[in-house]
Amino acid sequence: MKCLITGGSSGIGKDMAKTLSLLGNEVILVSKDENKLISACEEIKNSHYYVCDLSYDVEVNKLCEYLLKEKPDIVINDAGFGAFGDYSEVSLEREMEMVKVNVISLHKITKTCLKYMEGNKNAHILNVASIAGLLPGGPLLGTYYATKSYVCSYSFALYEELRRRGVDKHISVLCPGPVNTNFNKVANVKFNIKSLEAPEVAKYAIDKMFKNKLLIIPGATVRMGVFLSRFLPLKALLKITYNIQDKKR
């Protein structure tokens, strides 16, 4: 099968590409950093790359045209980033760039894939969100939490619409907790709890994706935390979340 992965030059995306390649699939890595893409392709068998900056509409539109031409069976929307700080500390420009990468590009790519995947029993779309997307708000990472909430909500809705139509397109959403990747450096945060390693998260995600699992949450501790959060009053949960985030400074 042919697989396309945004954010495929590093982190979870790169490790998912490795996992898919070892299973005998062709992988296409997408990122804005060509040097990293070249390096990644040297490590991963049966791989090639496509350079695209997902913060630019023109480039995303070209990528969508490429998708319609190549018609990959599996598309993983892994690209995304966060920015830590009080609302007054993070620039509006940075927040809008985040919305473009985390939300608008993912939406366009997903919608494009749905056009050609009809009738393909091997078709899978895996949208990478975060446990942030399952919580009501994330003070000090507000925009990031909001973008991941969008990813979850949009993907869940598509799943049910496709299920009712009996269409062979499988939608999954990956919601990891802390993972040891370059995300932490970009977001300028430091986690105070043990992070999972990207390779184990990648293998877990791919396995659950092929089993058509809708919501994929790696790590028993993270799954328990998400479950327990449902029973807390909203204002109390916001206070707890703020304190957790504040310790990342």
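Below is a short write-up of the structure. (Residues numbered from 1 in each chain as written. Predicted model: local features only at pLDDT ≥ 70, side-chain atom pairs only at ≥ 80, totals over all residues. Heavy atoms only, no water.)

The next subject is the overall build of the chain. Tallying secondary structure elements over the chain gives nine helices and nine strands in all. For 249 residues, the compact-globule estimate of 2.2 N^0.38 gives 18 Å, and the C-alpha radius of gyration of the chain, at 17 Å, lies within 12% of that figure. In terms of its C-alpha atoms, the chain occupies a principal-axis envelope of roughly 50 × 40 × 30 Å. Counting the 249 residues in the chain, one finds 50% classified as buried. Residue pairs at least 24 apart in sequence account for 65% of intrachain contacts in the chain once pairs closer than 6 positions are excluded. Within the structure as shown, the chain displays about 12500 Å² of accessible surface, and the carbon and sulfur contribution to it stands at 54%. For the chain, the distance from the average position of its 34 positive side-chain charges to the average position of its 26 negative side-chain charges is 6 Å. (Helix = DSSP H or I, 4+ residues; strand = E, 2+ residues; numbered from the N terminus. Rg over C-alpha atoms; globule rule 2.2 N^0.38 Å. Buried < 20%, exposed > 50% of the residue type's maximum accessible area, 1.4 Å probe, protein only. Contact = heavy atoms within 4.5 Å. Areas by Shrake-Rupley, 256 points an atom, 1.4 Å probe, with all protein chains shown as cover. Lys, Arg positive; Asp, Glu negative; His and termini not counted. Charge placed at Lys NZ, Arg CZ, Asp CG, Glu CD.)

On to helix 7 (residues 198–210). Taking 1.5 Å per residue as the helical rise, helix 7 with its 13 residues ought to reach 18 Å, and the 18 Å between its terminal C-alpha atoms agrees with that figure. Every buried residue of helix 7 is accounted for by A198, V201, A202, A205, I206 and M209. Looking down the long axis of helix 7, one finds its buried residues gathered within 125° of arc, a one-sided arrangement. (Expected span 1.5 Å × (residues − 1). Arc of directions from axis to C-beta.)

Now for the environment of G219. Assignment of secondary structure puts G219 in the loop between strand 9 (215–216) and helix 8 (220–229). In this structure, the C-alpha to C-alpha distance between G219 and H107, residues 112 residues apart in sequence, is 27 Å.

This part takes up the nonpolar core. Formed by 46 residues in total, the largest nonpolar core has its most connected members in L4, L54, L63, V75, I109 and C113. Broken down by secondary-structure element, the contributors of at least two residues to this core are strand 2 (26–31), helix 3 (57–70), helix 4 (92–116), helix 5 (142–165), strand 6 (170–174) and helix 8. Ignoring sequence-local partners within four residues, the contact set of I109 consists of T6, L54, L63, C64, L67, V75 and N77. With 25 residues, the next largest nonpolar core counts I76, A198, M209 and I216 among its residues. (Core = buried A, V, L, I, M, F, W, Y, C linked by side-chain atoms within 4.5 Å.)

Scanning the model with the defined rule gives four aromatic pairs in all. Seen from their ring centres, Y144 and Y145 are 6.5 Å apart, and the 75° between their planes marks the pair as edge-to-face. As far as burial versus exposure is concerned, Y144 and Y145 are alike and both buried. Note on F227 and F231: the rings are 5.2 Å apart at their centroids and 70° apart in plane angle, and the pair reads as edge-to-face. Residue classification places F227 among the partly exposed positions, given a relative accessible area of 38%. (Phe/Tyr/Trp six-rings, centres within 6.5 Å; stacked < 30°, edge-to-face > 60°.)

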